[in-house]
Amino acid sequence: KFDILAQPPESWLEAAKTFIQQTLCPSGKEPNNQLTQSVIDCVKMIWLTKGENQGFILPLSYSFVSVQTLKTHQHLPCCSHLSWSSNVYQAWVQRAGPNGNALPREELLLLGTLTDLSEDLEQEYRSGNLYVKDNTGILDCELIDLDLSWLGHLFLFPSWSYLPPAKWNSSGKGHLELWGAPVPVFPLTINPGPLTPISVLYPEKASLLLRLRKKHKVSESNLAGKLVRLSALVISQNKGYFILTLGELSPVGSQVSIIVQIPAQMVWHRVLRPGRSYVLTRLRITKTRSHHYYIWTTIPSSDLMLLRPDCVQELELERWFLEADLRPLPPPTLTESQDRMGQEDLVRDSRVLHYSGTVTDVLNESACLYILDGQLILCLAYQQIHDLRRVIRPGVCLELRDVHLLQSVGGRGSRPVLALCLHGTILLRGFSHQKPETLSPFQIHGASLYEQLVWEYQLGLPLYLWATKALEELACKLCPHVLRYHQFLKHSSPGKPSLGLQLLAPFPAVLKTACIRHAHSEILEEPHHCPLQKYAQKQIPYTFPTLFTLAKEGQRRAWATFDPKALLPLPEAAYLTSSQLNRHLGWSWLSVLPSTFQPAQVLLGVLVASSHKGYLQLRDLTASLPCLPLTKNSQPLADPRLIGCLVRAEKFQLVIEREVRSNFPSWKELGMADFIQKKQARVYIQFFLSDALILPVPRPSIDSSDPSCPEESHLGQSRLFLLSHKEALMKRNFCAPSGASSELPDPTLSFHVSGSWLCGTQRKEGSGWGPPEPLGVENKDQKVFLIFLGPSVRWFALLHPGKVYRLVAPGPSQTPVLFKAESSSGTSQRPLELAGCVSCLTIQDEWTLELGRSQDIPDVLEISRALPESSLTHLLSDNFPDSLVSFSAEILSRRICEPPLARRRIQPGNAGTVKACVKLTVALEMADCEFPPHLDIYIEDPHLPPPIGLLPGARVYFSQLEKKISRSNNVYCCFRSSTSMQVLSFPLESTIRSVDPLPHIYLAELLQRGWAPLQATTSCHVVFVFSLQILWVCTYCTSICPQGRCSRQDLTCPAQVAISQASIRLLVEDGTAEATVTCRNHLVAAALGLGPSEWTSVLEYARGPGKVALQFRGPGAQPESPGKIHEPLALFLWTLCTSPSVIRPIMLSFELERRSSDVTPLEPSRLQQFQSGEFPLLTRVNPRLRLVCLSIQEPEHPSSLEAFASSF
């Protein structure tokens, strides 16, 4: 810039002359004074038209700028308007929008020659682009309205803007945007037109000539008409062409198409404007490549000019032409095979229209997606707009000709979509006033991948919009820390799809081709057929939620579906005390499948191992989620090579575990959320590796020949070991090493494994391992004890008993005894001696693990990889108390309870708040056992919360649980520091498991079988009632509540809430054996044969005394001392219990009162005497069975005919 006060006119003129001679005059020639004067006169003329020239006849504040200076020194967008006043510019800035992002104004004068020739003058390659050039260089430019007579002439550009190349622009080229018409330095020669009128054919006769081309050879003709359609400029095999359609000058009439494919004529595409009338000279008839279409075409000597009626005359055809059928030539139509192509599932037709609008936002520049007028999505991906893409930004005005309007497409919301196929064209109507926005890296990269989706995979618009949105979701999850954007959005090569495409759709069926595009067919055929013509309102195939969104959705569903009444359905909940009620609600879970989401969701993340929690995680840029992967053969993930890989799974379970601390007084308050004191949810993922796509993350390759590559990366040593046992992951105390601080160290999260070395140390040799070092006889079968703590805890989820691993220490081997016993350790030597381990090794942070390969395992005695399991005799006997047991089992239930050995008295007012233990009830998996026995497993601190995957329905292998025997002689197990577990299979995908019907048996079968079914159904007869008891107790302290009030004398019970409880003991027999049956609570009503209203009345009568108890010692026995207040109710119940309403045949569903884990010796059979008339009979009688009632139903009595038929 030049300061006006410091730049006198003489200096300005001298600088202008120097600039003109160096920049515009042909090199090697004498200075051209005429050129210099013409340029200055041209500048002066434009300057004086400005209203605010302040008396200066020259723009002294402006300086000349060359093309090279713009390219090398102007790094920021700018504009220059020589003829604009300050007020005009300020008004122009206001139209740029309220964000103040208008192009800054620079006072620069730009001159140059307008041309369509690029820098490659030897080949004279012309693609239709425009350039401004001077002696210093050449610069791409865009012009709204071009006149062919301007090409090759020198111009002053009074209004222009310059956009330097963006940092992400690989071409490194900026461009000019020329506002308005340029001003010629020298007057342009006006073409007076032809001396004699040109003979032309109008579309009707031109179509006739196409039809009769075989009868009459047509050499060259001139065609005239109104331009009704202009196709896109198509680039195929580095050659460009476009097709224009001329119509009659009248509103209706014939049309004829002309293909332009001469390189020098590609610039015509910028000149042609629909609605104007043109003349094209010296046209010939040609056949399109790979199609059977005959069409008019230009030749190198053809010209384009505006139609002036006084300069043309219609060509008269010969007589036999006039006698021929003058009906227009029918346009090319779809063949039968093409018509069927893509018709499947197409349900709607798009509308073809013209539209003019302003770009208001950029959705994805690489994908050619924009927002028009704030309401419409504009998709230009189905055209080739490489050069136009740099111009389109917010503020650009566009005219769309023959554009398709599609509604309710999906993929990017509900906005209508305007999309251009090759049949239509896009016209630039106004440049943007705004500076280019800073685009996100995702919007910059991937242009070639998006083009591949459209032009190679032939995606229809609904799928394309979904694909662009899905790739955007994937990029948000992975880029830039896991993957670089250019890695993720890389163009696919044949047979090697890019990483982004593999994650988007690993199965080609998802990217099903709607139709095959043929450019000539798409432009010429009638009726029009293209990928945008017909479309289906497709549902989005799936989405890729971030792990944060998935975890948040899991938390939302945890409490949106939490209903205490559903978890404790009536009538069971009505009889539970407050403590029982709240412990039942303490833990629950649900599983969410991808299909339950709309649309379905695909899991994607990087598999990592946590050194803080010890479990595996899926991680993206937003969050981490614990995960539990399994193989189909019930094996956990054991290969460390999968750590760091991308995992994509369409089938998975989103597991949500809910923990609730509540103090509900009774079932009546279950709908009141105020009684929930604390709630939390744990969300994690379960999936099978066979249902997942595992992809390694690209890493920079390390060149071994690179001198900067550290030598340590190629060195190292390793040793194979067989893992026999893994202990629990928990915080442990370690002895401080000698010389350390006297303060006690904090417990450290750690775990131990024990195993055996399989060979000596091996050293790195190239890409493999050398031979192992020989071992002495005394070192063979050497057992080892490995300690994992700190960062090495990350290996916990990958280590499993029965597997062979390679322990790798990278870097140079400083000592040959790296994997030998430590001189000092934080572990006492006495346990090692008891375990038979001769060495203890603490795993260093930088050490790694690899899964042993079969060819690496030395020939040793058979390595047993089967998981050790205890025998059923060992498990369910009282001969081995306090021993360690291992077994596989299916989890039947899980709930919060109190520790089995330290039952604490629940303080009043504190009911339901103690959560000290988790109880698992499991069904043991034993061979040759038709009815698996059940066992309870207790998990206490410090093993809480339990590991993930311990869900009802899951199969789990438990190793080294401590076996205990309760005071009631029941076997149960507890988690200890030696315990480990691995999940073998997940629960059923449906959260509601199908319940198999109970087997129907005779009671004697329970005595004959070694292992009877725990639950079954039998048809029996009630012989008599042993006892009946109805209580009203306090829900907090379980004291008797006469009149519904707690009977505690110290008034420490916090609330006066009472619930009813009832029990009845029956004697039943089915002709094969007798059994004592205990029915509780609502089942008492079924045993007494009472309906709901009658049973409610009985309970209300019992509320007054608070307790009603009847004891029957045989048929006809009297109640036990009923009081006067009790007498009416007791008499009624006594009469009912001795009536046929109770003493009747029933269908009984039951479970054994004696648990399968009970080790109490069975009562032997006894001799009993019976009287049969006058003869006494002595027989051996089995002990009565003890059953617990599950349900009572009335038997279905068959008709006499059915009973008679069934006897044969």
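Look a little higher up for the structure.
The shown structure was predicted, so the numbers you read here are calculated from the model rather than taken from an experiment.

Caption draft 1: Molecular detail of the overall build of the protein chain. Along the protein chain, the regular secondary structure elements total 24 helices and 57 strands. Once local pairs closer than 6 in sequence are excluded, the contacts in the protein chain between residues at least 24 apart make up 74%. Roughly 59200 Å² of accessible area belongs to the protein chain as shown, and the carbon and sulfur atoms make up 53% of that amount.

Caption draft 2: Fine view of the pairing of strand β52 (residues 1074-1080). When you tally the buried positions in β52, you get five out of seven residues, the bulk of the element. Note: strand β51 (residues 1058-1069) against β52, seven bridges, orientation antiparallel. The residue of β52 that forms the bridge with Glu-1069 is Glu-1074. Following β51, the chain reverses through four residues before pairing antiparallel with β52; Gly-1071 in that reversal takes a positive phi of roughly 90°.

Caption draft 3: Region of interest: the environment of Ser-750. Its place among the elements puts Ser-750 in strand β37 (residues 748-757). Taking the C-alpha atoms as reference points, Ser-750 and Ala-728, separated by 22 residues in sequence, lie 8.4 Å from one another. Dropping the residues within four chain positions of it, Ser-750 is found in contact with Ala-728, Leu-729, Met-730, Arg-732, Phe-734, Phe-788, Leu-789 and Val-793.

Caption draft 4: View of the side chain of Ser-662. Among the secondary structure elements, Ser-662 is positioned in strand β32 (residues 653-662). Side chain to side chain, Ser-662 and Asn-582 meet in a polar contact 2.6 Å long.

Caption draft 5: Structural context of the environment of Tyr-464. Locating Tyr-464 in the fold gives a position in helix α11 (residues 461-478). With 53 residues separating them along the chain, Tyr-464 and Gly-411 place their C-alpha atoms 8.2 Å apart. The contact partners of Tyr-464, leaving out residues within four places of it in the chain, are Ala-367, Leu-369, Cys-379, Ala-381, Tyr-382, Tyr-450, Leu-453, Val-454 and Leu-459.

Caption draft 6: Seen up close, unusual backbone geometry. In this chain, Cys-479 is followed by Pro-480 through a cis amide linkage whose omega measures 5°. The omega torsion of the bond from Gln-598 to Pro-599 falls at -5°, within 30 degrees of zero and hence cis. Mapping Pro-599 onto the fold places it in the loop between β27 (587-592) and β28 (603-609). One non-glycine residue, Gln-960, lies in the positive phi region at around 55°. Among the structural elements, Gln-960 can be located in strand β47 (residues 955-965).

Calculation rules
Residues numbered from 1 in each chain as written. Predicted model: local features only at pLDDT ≥ 70, side-chain atom pairs only at ≥ 80, totals over all residues. Heavy atoms only, no water. Helix = DSSP H or I, 4+ residues; strand = E, 2+ residues; numbered from the N terminus. Contact = heavy atoms within 4.5 Å. Areas by Shrake-Rupley, 256 points an atom, 1.4 Å probe, with all protein chains shown as cover. Buried < 20%, exposed > 50% of the residue type's maximum accessible area, 1.4 Å probe, protein only. Pairing = 2+ DSSP bridges. Polar contact = N/O pair within 3.5 Å; in protein donor to acceptor, adjacent residues only side chain to side chain.

These figures come from the coordinates and say nothing about function on their own.
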